Amino acid sequence: QDTSLIDELFSWISKNGGVINAEVRINKDGVRGLFATERIPKLGLIASIPAACMINVGSQSQSASTHIMHVLREYKLGNNSRFWPYIKTWPKYHEMATECNMDDKYVPMWKSDHFPERPAPSISLMSSDSSSPAIPLPATHDHGSGAAAMLPPWTSCREANHQTWQGFLRRIWDGSANRELEYTIEEVVGKDVEVTLADVKYAAAITVSRYLAVHGRPRLMMAPIFDLANHDNHCTTYLESYVKSDYLHMKAGVDYEPGDEICYSYGDLRDDYAVSAYGFLPALEDPPRLAYVDHPGFEPRGAYRAPSDDRIAGPPEALRAEVQRLAAIRARITGTPDIVPRAEGEDWVWDMMKQLEARRIAAIDYELARIAELLAEATGDAREL
Ligand SMILES: C[S@@+](CC[C@H](N)C(=O)[O-])C[C@H]1O[C@@H](n2cnc3c(N)ncnc32)[C@H](O)[C@@H]1O
């Protein structure tokens, strides 16, 4: 993740009337992020991002394809785009791995296909489920209730969703979805510009991992500077309402000292969802929390909803049923053969997927041990342990 183009980005934002009280550096984990350069008191200004520097990618109720098309158009315009100083700072294709652009070969590594009731993978564009937000949105923002026109039936089963994304993007690219789209590729980039499937996947991965739903106007925006802030679930940095539509103000939720990393909470991300939607594993939690796909509240149909943090309690029968459920999932994970070979040299996507698997097993083991103690206490029988 490149920091050399950041100076140009900053001066473009200043020229447009913006203010930035931060700098961009690589953090202790090797990830590019935003850092305070001076003391910023709680409620103080981190950045003021001018409207002219943000890409408005559509309404919150439009199809995912529309947001992607807006980004694709600007990206394919190259240095003819007035957003070029911003676009140049985006991560490159192989620096990202969300479900939108992750190679299909990694699909079997999700190992979350253990629910017999899971819907069959589908590449249909027409959604029968209009209840859920279509795509992940940073922070607590939510799609409006009118969301989900013309969306694929997203699911939280990771294999299925990964394949759904791939099918959806391919159909956008080859034109077979044109009838169902608000904008087609030719409409946004013209006829003479070559658009590859990788371009469409790139635009999708960039859009989904970086846009935000602003408060005050039902729009989705790509906002420079703001989108350099990494996720920290406990972070209280906030965005003011964008009602005046002139500047988007990013404010400190705590006192920042010079050198502190300025994060943003993308929401309560369980590990499996963070990997699929954003391509990273959040900070390791202690005690570990079950992945969404392993949680008793997991709902395979529909998009991710952060599940409850309450740990299961109840009479011994309920606890034993949960033990059986978790043990079955564990057996499915460990019993699913590793058919995806790790590429020679650097294969950070493979490593991330294996780490996700290890975290899922550790969280299941933690939960099994915790329930065993509850059972032993409830029944007075140490054999439950
Ligand atoms: C909105 S951007 C944040 C800035 C990003 N690091 C950059 O340099 O462009 C979101 C992407 O940053 C990375 N990211 C965000 N939070 C992270 C974290 N806590 N740990 C590791 N990577 C993170 C992921 O690649 C994610 O898709």
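This write-up is about the structure you can find in this document. Since this is a predicted model, take the numbers as computed values, not measurements. Throughout this description, residue numbers start from 1 for each chain and increase along the sequence as written. Restriction of local features to residues with pLDDT of at least 70 applies here, the model being predicted, together with a cutoff of 80 or more for giving and counting side-chain atom pairs; totals for whole chains, interfaces and linings are based on all residues.

So, on to the site of the ligand. Every one of the 16 residues lining the ligand counts as a neighbour, but Arg32, Ser209, Asn230, His231 and Phe280 are closest to it. Lys, Arg, Asp and Glu make up the charged group, whereas Ala, Val, Leu, Ile, Met, Phe, Trp, Tyr, Cys and Pro make up the nonpolar group; the residues left over, Gly among them, are polar. Its residues assigned to classes, the shell around the ligand comprises seven nonpolar, six polar and three charged. As used in this record, a residue near a molecule or strand is one whose C-beta atom, placed from the backbone, is within 6 Å of it.

This part is about the sheet that holds strand 3 (residues 32-36). What the three strands build is an open sheet, ordered 2-3-10; its pairing is antiparallel. Strands at the two margins of the open sheet, each flanked by one partner only, are strand 2 (22-26) and strand 10 (261-262). Where strand 3 lies against strand 10, two bridges are found, and the strand directions are antiparallel. Of the residues in strand 10, the one forming a bridge with leucine 34 is isoleucine 262. For two strands to pair, DSSP has to find at least two bridges joining them. The numbering of helices and of strands both runs from the N terminus, where a helix is a DSSP run of H or I of at least 4 residues and a strand a run of E of at least 2.

A word on the packing of helix 7 (residues 271-278) against helix 9 (residues 348-379). As a rule, the C-alpha atoms of each element are fitted with a line to give its axis, helices using only the stretch in contact, and angles between N-to-C directions run from 0 to 180 degrees. At a minimum axis distance of 10 Å, the contact between helix 7 and helix 9 shows a crossing angle of 165 degrees. The angle between the axes of helix 7 and helix 9 places the two elements in the roughly antiparallel class. Where helix 7 crosses over helix 9, the two elements pack in a sense that is left-handed. Residues Asp271, Asp272 and Val275 of helix 7 form the contact with helix 9, whose own contacting residues are Met352, Leu356 and Arg359. Throughout, the term roughly parallel applies to angles under 35 degrees, roughly antiparallel to angles over 145, roughly perpendicular to angles from 65 to 115, and oblique to all others. Crossing handedness is read from the near helix: turned anticlockwise from the far helix by less than a right angle, it gives a left-handed crossing, and turned clockwise, a right-handed one. It is the C-beta atoms, placed from the backbone, that decide contacts: two residues are in contact if theirs lie within 7 Å.

The subject of this paragraph is helix 9. Because each turn of an α-helix spans 3.6 residues, side chains separated by three or four positions end up pointing in the same direction. Expected helix span is taken as 1.5 Å per residue step, with the number of steps being one fewer than the number of residues. Taking 1.5 Å of rise per residue, 32 residues should cover 46 Å, and helix 9 covers 46 Å from first to last C-alpha, within 8% of that figure. The burial criterion counts other C-beta atoms lying within 10 Å of a residue's C-beta, which is placed from the backbone; the residue is buried at 20 or more, exposed at 12 or fewer, and partly exposed between these limits. Inspection of helix 9 places Val349, Met353, Leu356, Glu357, Arg359, Arg360, Ala363, Ile364, Glu367 and Ile371 among the buried residues, and these make up the whole buried set. Residues of helix 9 that are buried sit in contact with helix 7 and helix 8 (316-335). Downstream of helix 9 by one or two residues, glycine 380 has phi in the positive range, about 70 degrees.

This brings us to unusual backbone geometry. Following aspartate 286, the chain continues into proline 287 via a peptide bond in cis, with omega recorded as 0 degrees. Within the element layout of this structure, proline 287 appears in the loop between helix 7 and helix 8. Positioned with a positive phi, leucine 43 is a non-glycine residue whose angle comes to about 75 degrees. When you line up the elements, leucine 43 lands in the loop between strand 3 and strand 4 (45-50). The exposed category is assigned to leucine 43, around which 11 C-beta atoms lie within 10 Å.

Quick look at the sheet that holds strand 9 (residues 247-251) now. The strands making up a sheet associate through hydrogen bonds between their backbones, and the pairing can be parallel or antiparallel. Strand order in the open sheet formed by four strands is 1-4-9-8, with antiparallel pairing between adjacent strands. Each having just a single partner strand, strand 1 (19-20) and strand 8 (238-239) make up the two edges of the open sheet. Inspection of the sheet shows strand 8 paired to strand 9 by two bridges, in the antiparallel sense. Bridge pairing in strand 9 links tyrosine 238 to lysine 251.

With 92 residues, the main nonpolar core has Ile49, Met221, Phe226 and Leu248 as its most contacted residues. With seven residues, helix 6 (residues 197-210) is the single largest residue contributor to this core. With sequence-adjacent residues up to four places away left out, phenylalanine 226 is seen in contact with Ala47, Ile49, Leu212, Leu239, Leu248 and Met250. Core membership is restricted to buried Ala, Val, Leu, Ile, Met, Phe, Trp, Tyr and Cys residues, and these are joined into a nonpolar core through C-beta atoms within 7 Å.

Now for the pairing of strand 2. Consecutive residues of a regular strand have side chains that alternate between opposite faces of the sheet. Relative to strand 3, strand 2 runs antiparallel, the two being bridged by five bridges. Note that in strand 3 the partner of alanine 22 across the bridge is alanine 36. If you look at the hairpin formed by strand 2 and strand 3, you'll find five residues sitting between the two strands, and glycine 30 has a positive phi there, around 80 degrees.

This brings us to helix 6. For helix 6, with 14 residues, the first-to-last C-alpha span of 20 Å sits near the 20 Å given by 1.5 Å per residue. Burial analysis of helix 6 places eleven of its 14 residues in the buried class, the great majority of the element. Taken together, the buried positions of helix 6 are occupied by Val200, Lys201, Tyr202, Ala203, Ala204, Ala205, Ile206, Thr207, Val208, Ser209 and Arg210. Residues of helix 6 that are buried sit in contact with strand 5 (55-59), helix 2 (64-77), helix 4 (158-174), strand 7 (219-222) and helix 7.

Next up on the list: the environment of leucine 374. For leucine 374, the position within the fold is in helix 9. Accessibility expressed as a C-beta count within 10 Å gives 17 for leucine 374, which makes it partly exposed. A sequence separation of 55 residues divides leucine 374 from leucine 319, and the C-alpha atoms of the two residues are 8.2 Å apart.

This paragraph deals with the packing of helix 4 against helix 6. Here helix 4 crosses helix 6 at 125 degrees, and the two axes come no closer than 9 Å. By the angle class used here, helix 4 and helix 6 are oblique. For the element pair helix 4 and helix 6, the recorded crossing hand is right-handed. Mapping the contact onto sequence places Leu169, Arg170, Ile172 and Trp173 in helix 4 and Leu197, Val200, Lys201 and Ala204 in helix 6. For the contact of helix 4 with helix 6, the per-class residue count stands at six nonpolar, no polar and two charged.

Moving on, we come to the environment of isoleucine 339. Take isoleucine 339: it is sitting in the loop between helix 8 and helix 9. The exposure class assigned to isoleucine 339 is exposed, which follows from the 8 C-beta atoms found within 10 Å. Separated by 117 residues in the primary sequence, isoleucine 339 and methionine 222 place their C-alpha atoms 38 Å from one another.

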